[in-house]
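Single-letter residue listing:
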Amino acid sequence: MSQVLVCGAGGQLGQELVATCPAHWQIIPMTRSMLDIADSDQVARALDEVRPAWVINAAAFTAVDAAESEPLARSSDPNSQVYLVPAFTGLGAPYWDADARGAIFGLTRGTGIAEIVNAALMSVCFQTKDLLLAMEKDGAKLNELRVDGGMVANDFFAQKLADMLNCAVLRPVVIETTALGAAYAAGLQAGLYESTEAIAQQWQLDTEFLPECDSQWRELQYCGWIDAIHRTRSNLFDTESQH
């Protein structure tokens, strides 16, 4: 049986190590009387040698600024199969599962913050495709998608959205459409615009993103998403719901 000496098992470092050690390891609280240690740095270096690599990587999972999301996503492993299902308050359309909860699938020892950020951005692409497919069942046909909001300033996300939907994604010059819409409504009331049609003509294209990935990539990525959704559903073990 392997043994691990933990310095200050009640402290943050000790708790982290205890929580991540394999079940067959024996945890022995260590005190200064057990070893002649000059300073705590020596203990930290010793623990770093035995801690799993993914624990060290996990320490980087801190809050990420929106502006950082694009370079992080671009640096992620293109072969990563990490999926994030953001069902924090359940799943909406087209699943309508209020009891589902968020989850991350496909974590490996090589998973880092870049792969998690990429999975978060891709989850929006997958959810948009879910809605698009539902709309198509009702007879709608999408040739292009006009997007807005702070998230679309991310070129990587906008391109992946075009790749997943297999259609053109159009980003306007002004992406803060909510504030712009309020200004247009005030202008319409004040008589600056004659009609909503006149307002619609004010829309201006900034960037057009066209699909770059093939159908094989699209199918592989989306199948992984559907599998992740299935694992997240609250009725996963409800045999009646599966028939």
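So, here is what we can say about the structure in this document. (Residues numbered from 1 in each chain as written. Predicted model: local features only at pLDDT ≥ 70, side-chain atom pairs only at ≥ 80, totals over all residues. Heavy atoms only, no water.)

## Concerning the packing of aromatic side chains
Note on aromatic pairs: each is described by the distance of the centres and the angle between the planes.
In step 1: Overall, the coordinates contain three aromatic pairs when judged by the stated rule.
In step 2: Plain terms: the ring middles of F126 and W225 are 5.2 Å apart, the flat faces sit at 25° to each other, and that makes the pair stacked. One end of the pair, F126, is in helix α5 (residues 113–137); the other, W225, is in helix α9 (residues 215–232), and 99 residues separate them in sequence.
In step 3: With relative accessibility at 1%, the residue W225 sits in the buried group.
In step 4: Ring geometry for Y184 against Y193: centres 5.4 Å apart, planes inclined by 85°, an arrangement best described as edge-to-face.
In step 5: Looking at Y184, the relative accessible area reads 17%, which means it is buried.
In step 6: Among the aromatic residues, those joined into a cluster by ring pairs are Y83, F126 and W225.
In step 7: Across the ring face of Y222, the terminal group of K129 is positioned such that the distance to the ring centre comes to 5.3 Å.
In step 8: Lying across the ring of W203, R146 places its NZ or CZ 3.9 Å from the centre. (Phe/Tyr/Trp six-rings, centres within 6.5 Å; stacked < 30°, edge-to-face > 60°. Helix = DSSP H or I, 4+ residues; strand = E, 2+ residues; numbered from the N terminus. Buried < 20%, exposed > 50% of the residue type's maximum accessible area, 1.4 Å probe, protein only. Lys NZ or Arg CZ within 6 Å of the ring centre and 35° of its normal.)

## As for the pattern of salt bridges
Working definition: two side chains of opposite charge can pair if their charged atoms are close together.
In step 1: Within this structure, the stated rule accounts for six salt bridges.
In step 2: As a salt-bridge pair, D206 and R171 come within 3.4 Å of each other at their nearest N and O atoms. Of the two residues, D206 sits in strand β7 (residues 205–209) while R171 sits in strand β6 (residues 168–172), which places them 35 residues apart along the sequence.
In step 3: Here R171 falls in the buried class, since its relative accessible area comes to 8%. (Salt bridge = Lys/Arg side-chain N within 4 Å of Asp/Glu carboxyl O.)

## Focus: the packing of α5 against helix α6 (residues 155–165)
In step 1: It is at 9 Å that the axes of α5 and α6 come closest, and there the two elements cross at 35°. Seen from above, α5 lies across α6 with right-handed handedness. For the pair formed by α5 and α6, the contact residues are N118, L121, M122, V124, C125, F126, T128, K129 and L132 on the first element and F156, F157, K160, L161, M164 and L165 on the second.
In step 2: Counted by class, the contact of α5 with α6 contains 11 nonpolar, two polar and two charged residues. (Axes fitted to C-alpha atoms, helices over the stretch in contact; angles between N-to-C directions. Left-handed = near helix turned anticlockwise from the far one by under 90°. Contact = heavy atoms within 4.5 Å. Nonpolar A, V, L, I, M, F, W, Y, C, P; charged D, E, K, R; others polar.)

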